[in-house]
Amino acid sequence: MKQSIVAKLAQLSRRLEEINRTLSSENVTANMDHYRKLTMESAEIAPVVDLYRSYETHQADWQVAEEMAMDPQMREFAEAEKSAIRAQLEQLEKDIQKLLIPKDPSDERNIFLEIRAGTGGDESALFAGELFRMYCRYAERNRWQVEVMSQSASDLGGYREIIAKIIGRGAYSKLKFESGAHRVQRVPVTETQGRVHTSACTVAVLPEVDEVSDVILNPADLKIDTFRASGAGGQHINKTDSAIRITHVPTGTVVECQDDRSQHKNRARAMSVLAARIKDKQVREQQSKIAAERKSLVGSGDRSERIRTYNFPQGRMTDHRINLTLYKLAQIMDGDIDEVSGALSSEHQAEQLALLGEDAQSS
């Protein structure tokens with residue numbers, strides 16, 4: 001294990017001892033806010049400190065086995081002990097490093113899923129509809145709730161744009177790497193010559209903020225317009241101005257919501273989506289400053305880059321960020337994307353582990 005990481009573990013061990021001394025004092029509950037913060041910090045630190053102490057114990061056992069190996073009569077037994085201890089030390093080191101990876105505070109949050117048709121006209125809109133179905137099926141598998149916030153249907157089916165809220169524990173952690181350009185290669189239903197066409201859609205996954213107050217929204221920066229909601233085929237077209245369009249003037253961010261008949265509900269929904277978009281922009285700007293020279297292999301956040309190709313004639317899906325190709329396109333389009341999200345998450349963890357050593361060394 002790197003000395004920089006060992007030093008960090010020793011620091012955490014000392015901090016846990018300090019917290020435990022404070023928690024055992026008689027007047028610790030006099031300030032309940034402080035008490036809760038200490039118990040939360042203890043719960044976060046204790047698992048990694050326990051593993052570190054186990055690691056130190058195994059290191060001591062290794063030294064004993066080394067000494068035993070110097071005795072010819074004990075050498076065979078000692079070598080077997082060393083082999084077993086080595087395997088345990090390697091596993092403990094992996095477990096410790098995983099616990100040291102900084103947790104994304106948004107991982108357990110609900111998300112806003114935004115899918116927009118790009119190049120390819122009607123075919124792109126049809127594919128946007130299929131992507132939305134894929135994510136809905138994945139949500140079903142995880143027992144998450146999907147709530148459509150806004151949609152703009154295409155004449156031939158699918159969506160020019162659809163925004164939905166996915167409500168469920170861990171939704172952001174499993175879908176945060178889906179942001180980017182998704183490319184589809186296939187013969188469109190409108191193609192008479194049987195030629196393969198390439199179309200694209202963009203996907204954005206935004207974590208829901210706790211409250212609109214999480215983001216500073218100056219009322220003077222908001223332009224709010226009301227208009228009549230549109231409907232398909234003349235059905236249920238609103239006769240009142242219940243639809244809402246909110247423009248955040250400084251950033252040019254525009255959100256529309258018209259799926260509810262209540263203007264107040266549409267306004268609340270639009271404000272929540274606006275807050276999530278602005279928060280996402282702030283976080284990405286901060287991350288780009290911190291990691292300007294550390295472009296991530298996974299989820300760099302550049303939604304203009306092509307992240308994935310769905311090739312229907314060959315029945316394959318390729319994620320270009322990690323060079324992962326799977327020949328199970330039908331299952332993937334039916335919401336079976338755990339293998340993809342798991343591989344992206346593992347790659348991200350590997351990168352974080354590499355950075356962990358660098359950060360510990362520099363601190």
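Residues numbered from 1 in each chain as written. Predicted model: local features only at pLDDT ≥ 70, side-chain atom pairs only at ≥ 80, totals over all residues. Heavy atoms only, no water.

## A closer look at the sheet that holds strand S6 (residues 222-227)
The pairing of strands in a sheet happens through backbone hydrogen bonds and is either parallel or antiparallel. Put simply, the test is: For two strands to be treated as a pair, DSSP must find at least two bridges joining them. Helix numbers and strand numbers start at the N terminus; a helix is a DSSP run of H or I with at least 4 residues, a strand a run of E with at least 2. Between N-to-C directions, angles cover 0 to 180 degrees, with each direction set by a line fitted to C-alpha atoms, over the stretch in contact for helices.
One open sheet accounts for three strands, arranged S6-S7-S8; its pairing is antiparallel. Looking along the sheet, the strands with just one partner apiece sit at the ends: S6 and strand S8 (253-257). Pairs of neighbouring strands in the sheet enclose a mean axial angle of 15°, with direction left out of account. Alignment of strand S7 (residues 243-248) against S8, held across five bridges, turns out to be antiparallel. Bridge pairing in S8 links Thr247 to Val254.

## Observations regarding helix H1 (residues 3-23)
Going by this rule: To estimate the expected span of a helix, count its residues, drop one, and scale the result by 1.5 Å. Think of it in three bands: residues with accessible area under 20% of the maximum for their type are buried, residues over 50% are exposed, and the middle band is partly exposed, with areas taken using a 1.4 Å probe on protein chains only.
Between its terminal C-alpha atoms H1 stretches 30 Å, which fits the 30 Å expected from 21 residues at 1.5 Å a residue. Within H1, burial applies to Ser4, Ile5, Val6, Leu9, Leu12, Ser13, Leu16 and Ile19.

## Overview of the pairing of strand S5 (residues 197-207)
Of all eleven residues making up S5, eight are buried, and the element is well covered by its neighbours. Inspection of the sheet shows strand S1 (residues 111-117) paired to S5 by seven bridges, in the antiparallel sense. Pairing of Ala117 across the sheet is with Cys201, part of S5. Of the strand pairs in this sheet, strand S4 (residues 180-186) and S5 are connected by seven bridges, and their pairing is antiparallel. If you follow Val184 over to S5, its bridge partner there is Ser199.

## Quick look at the nonpolar core
Operational definition: Residues belong to one nonpolar core when they are buried, are Ala, Val, Leu, Ile, Met, Phe, Trp, Tyr or Cys, and are joined through side-chain atoms within 4.5 Å.
Membership of the largest hydrophobic core comes to 36 residues, with the highest contact counts inside it found for Leu113, Ile115, Leu131, Tyr135, Leu175 and Tyr310. Within the residue set of this core, elements represented by two or more residues are S1, helix H4 (121-141), strand S3 (159-167), helix H5 (171-175), S5, strand S11 (324-326), helix H7 (329-333) and helix H8 (338-362). Of all the elements, H4 adds the most residues to this core, at nine residues.

## Structural notes on the environment of Ala200
Keep this limit in mind: Contacts are residue-level and defined by heavy atoms, with any inter-residue pair within 4.5 Å sufficient.
Residue placement: Ala200 occurs in strand S5. Considering only alpha carbons, one finds Ala200 and His182, 18 residues apart in sequence, at a separation of 5.6 Å. In this structure, Ala200 is in contact with Ala117, Gly118, Thr119, Ser124, His182 and Arg183, ignoring residues within four places of it in sequence.

## A word on the confidence of the model for the protein chain
Our working definition: pLDDT is a residue-level measure of predictor confidence that goes from 0 to 100.
Mean pLDDT over the protein chain works out to 84, with 87% of the residues at or above the 70 mark. For residues 232-237, every residue scores under 50 in pLDDT, and the model assigns this stretch three contacts once sequence neighbours within four places are set aside. The model gives residues 292-304 a pLDDT under 50, and that stretch makes 30 contacts with residues more than four places away or in other chains.

## Notes on the pattern of salt bridges
What counts is decided by this rule: We define a salt bridge as a side-chain nitrogen of Lys or Arg found within 4 Å of a carboxyl oxygen belonging to Asp or Glu.
Within this structure, the stated rule accounts for 26 salt bridges. We note a salt bridge from Glu161 to Arg116, for which the minimum N-O separation is 2.7 Å. Linking Glu161 in strand S3 with Arg116 in strand S1, this pair joins segments that are 45 residues apart in sequence. Here Glu161 falls in the partly exposed class, since its relative accessible area comes to 25%. Of the charged contacts, one joins Asp319 and Arg321 as a salt bridge, the two residues approaching to 2.8 Å between their closest N and O atoms. Via salt bridges that share partners, Arg133, Arg137, Glu140, Arg141 and Asp334 belong to a single interconnected network.

## Things to note about the packing of aromatic side chains
Operational definition: A pair of aromatic rings is counted whenever rings of Phe, Tyr or Trp (Trp by its six-membered ring) have centres within 6.5 Å, and the orientation is called stacked for planes under 30 degrees apart, edge-to-face for over 60 and tilted otherwise. For a lysine, the NZ atom is tested; for an arginine, the CZ atom; a charge sits over a ring if that atom is within 6 Å of the ring centre and within 35 degrees of the ring normal.
Under the definition given, this model contains three aromatic pairs. Ring centres 5.3 Å apart and planes at 65° place the aromatic pair Phe127 and Tyr310 in the edge-to-face group. Here Phe127, found in helix H4, pairs with Tyr310, found in strand S9 (residues 306-311); they are 183 residues apart in sequence, far enough to count as distant. In terms of burial, Phe127 and Tyr310 fall into one category: buried. Note on Tyr138 and Trp144: the rings are 5.7 Å apart at their centroids and 85° apart in plane angle, and the pair reads as edge-to-face. For Trp144, a relative accessible area of 11% puts it in the buried group. The ring centre of Phe312 lies 4.7 Å from the NZ or CZ of Arg186, which sits over that ring. Here the guanidinium or amino end of Arg245 rests over the ring plane of Phe227, the centre of that ring lying 4.5 Å away.

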